[in-house]
Amino acid sequence: MKYVLVTGGVVSGLGKGVTASSIGVVLKGCGLRVTSIKIDPYLNTDAGTMSPFEHGEVFVLDDGGEVDLDLGNYERFLDVTLTRENNITTGKIYQSVIDKERRGDYLGKTVQVVPHITDAIKNWIVSVSLIPVDGKDGPADVCVIELGGTVGDIESMPFIEALRQLSFTVGQDNFCLIHVSLIPVLGVVGEQKTKPTQHSVRELRALGLTPHLLACRSAQPLLENTKEKLSQFCHVPNQNAHVAISKQLNFLSIATHPDLHEWTERAETYDNLTNSVKIAMVGKYIGLQDSYLSVLKALLHACIACSLKPSVEWIAASDLEDESAKLTPQAHAAAWETLRSSACVLVPGGFGDRGVQGMILAAKYARENDVPYLGICLGMQISVIEFARSVLGLERANSAEFDPDTPDPVVIFMPEGSRTHMGNTMRLGSRRTLFQTPDCIASKLYQNSAYVDERHRHRFEVNPDLIGKLEEAGLRFVGKDETGKRMEILELPTHPYYVGVQFHPEFKSRPGRPSALFLGLILAAIGQLEASLSKLPNGN
Ligand code: GLN
């Protein structure tokens, strides 16, 4: 196994994730098989408990792992399926070491950061790097490791030490370190400053690691003279990272020109798009756009497939509520104006009751005005509550999540495991949905397949006891799980595109292979859904 380690210096948020993913793409373009590991030096064992407000989206893997959003970038860039083990956190490492200590595995020894924690990190990296992630047998050729945080942080010290040891064990032909750094530009003349990078490289050196390449972020292209200064600290060529990496890793027979034509074509297509489509995103976490990163990417993939630029209109769900008409009338009016001027509505996943009433109003508006609607997870549950209230006349219908005492619980707590045990009640990861009929939009969009496997992250479900009533009134549950008790996809046959899904289709959308239901939403928004469905194989 050959390792490419990506570290970051000076400040956080420089784009280590994008650097690591892009390097993966270029190496893949050279004919290599690539896997990746993200290291997060925090104590949470996974990202499941972290707020999207603070940390961005929680990405969900096939195996149910709730992981850092960078793993979503890796899956999309490299077109791989990762495992929860591909996200290492300090919490996971310590937990594994402490578990071993309690089992008596270190009996008689003092358990310490060095060597016990560092050994656990090394062993984890080595064993995870061997897991095939691209559908082929056997391990990949290269494992790209991204170390979160900034070099010098107290939190990342055990990882730096473990990686130093790893670089020594695997030998220099098998280890390449890329350091991502910042070149600030000062004053009106725009002087490019290399000192912070110099310090950061020196810090890495002091810890026993030497970068082979520098990836510099700056507001301007780097000047020759800046590059020269930097190269005194790091002997690196200016461009063609793959050449430098393959030299360092001693890859003798890989392509010298990476095949990136698909990426180049997509980028060119995107740059030349002139038309756009307005999508209303009615959510709770709209302050930090990373909270819905995969949804945005899935919209982008679907729009590009329709030769459109996505124009995402963010609407804070609470602004749509009647209450806000009194408290913040301007925001209320603006939110409704934006909703009314959008070509389609998307209500994404979420937890807690903030903004729920506003989401219900958005779903009602879309249903009554034939505006294409896609409700994801919470967004599906919202559409059921709205339908029960407006069409069945059950005014207090609600989800047990928001009103445990509702007389009409149309959405109920239905964990797969124990109802009483607090931990592990979330239904997580890939589950199968069986189509109940070929005669529905969702099945056609999924190319008439009998089933589809998508990723889940929820505790609540549409109440199976009320399906009869809801269906009599016109709602159709066209996709269910294998037991038939869990509703997975709903549609409103009298509407051009009113679709709710209990799963998160955004997690499996890929550039060039958009998620079927996002594609359906965009096609419906531009009035081309019917024409496109009739062109599909076996479409009727
Ligand atoms: N809060 C809802 C549930 O737990 C929806 C979850 C989601 O949208 N991811 O079922």
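None of the values given here were measured: they were computed from a predicted structure.

### Remarks on the nonpolar core
Thinking step 1. Counting residues in each nonpolar core, the largest one holds 43 residues, and the members touching the most others are Val-282, Leu-339, Val-345, Leu-470 and Phe-477.
Thinking step 2. Top contributing element to this core by residue count: helix H14 (residues 356–368), with eight residues.
Thinking step 3. Discounting residues that sit within four places of it in the chain, Leu-339 has contacts with Ala-280, Val-282, Ile-315, Leu-320, Val-345, Ala-362 and Tyr-365.
Thinking step 4. Cys-344, Leu-346, Ile-489 and Val-501 belong to the second largest nonpolar core, which has 41 residues in total.

### Considerations on the sheet that holds strand E22 (residues 498–501)
Thinking step 1. Within the open sheet, the nine strands sit side by side as E12-E11-E13-E14-E22-E21-E20-E17-E18. Their pairing is mixed. Since the sheet does not close on itself, it has two edges, and those belong to strand E12 (309–316) and strand E18 (451–458), each with one partner. In this sheet, neighbouring strand axes are inclined to one another by 25 degrees on average, regardless of whether the strands run parallel or antiparallel.
Thinking step 2. With four bridges joining them, strand E14 (residues 373–376) and E22 adopt parallel strand pairing.

### Quick look at helix H11 (residues 293–305)
Thinking step 1. Taking 1.5 Å per residue, 13 residues should reach 18 Å; H11 reaches 19 Å between its end C-alpha atoms and fits that length.
Thinking step 2. Counting buried positions over the 13 residues of H11 gives 10, a clear majority of the element.
Thinking step 3. The complete set of buried residues in H11 reads Leu-293, Ser-294, Val-295, Leu-296, Ala-298, Leu-299, His-301, Ala-302, Cys-303 and Ile-304.

### Quick word on the pattern of salt bridges
Thinking step 1. Applying the stated criterion across every chain yields a total of 29 salt bridges.
Thinking step 2. The residue Arg-457 makes a salt bridge to Glu-66 at a minimum N-O spacing of 2.6 Å. Here Glu-66 lies in strand E4 (residues 66–67) and Arg-457 lies in strand E18, a separation of 391 residues in the sequence.
Thinking step 3. The buried category is assigned to Arg-457, whose relative accessible area is 11%.
Thinking step 4. Taking relative accessible area as the criterion, Glu-66 reaches 10% and is therefore assigned buried.
Thinking step 5. Note that Glu-488 and Arg-427 form a salt bridge whose closest N and O atoms lie 3.1 Å from each other. Of this pair, Glu-488 sits in strand E21 (residues 487–491) while Arg-427 sits in strand E17 (residues 427–435), and the two are 61 residues apart along the sequence.
Thinking step 6. With a relative accessible area of 0%, Glu-488 lands in the buried category.
Thinking step 7. On the basis of relative accessibility, which here comes to 2%, the residue Arg-427 falls in the buried class.
Thinking step 8. Via salt bridges that share partners, Glu-416, Arg-427, Arg-431, Glu-461, Asp-481, Arg-486 and Glu-488 belong to a single interconnected network.

Each value, and the rule that gives it
- Residues numbered from 1 in each chain as written.
- Predicted model: local features only at pLDDT ≥ 70, side-chain atom pairs only at ≥ 80, totals over all residues.
- Heavy atoms only, no water.
- Core = buried A, V, L, I, M, F, W, Y, C linked by side-chain atoms within 4.5 Å.
- Buried < 20%, exposed > 50% of the residue type's maximum accessible area, 1.4 Å probe, protein only.
- Helix = DSSP H or I, 4+ residues; strand = E, 2+ residues; numbered from the N terminus.
- Contact = heavy atoms within 4.5 Å.
- Pairing = 2+ DSSP bridges.
- Axes fitted to C-alpha atoms, helices over the stretch in contact; angles between N-to-C directions.
- Expected span 1.5 Å × (residues − 1).
- Salt bridge = Lys/Arg side-chain N within 4 Å of Asp/Glu carboxyl O.

So yeah, pure geometry; function would need other evidence.
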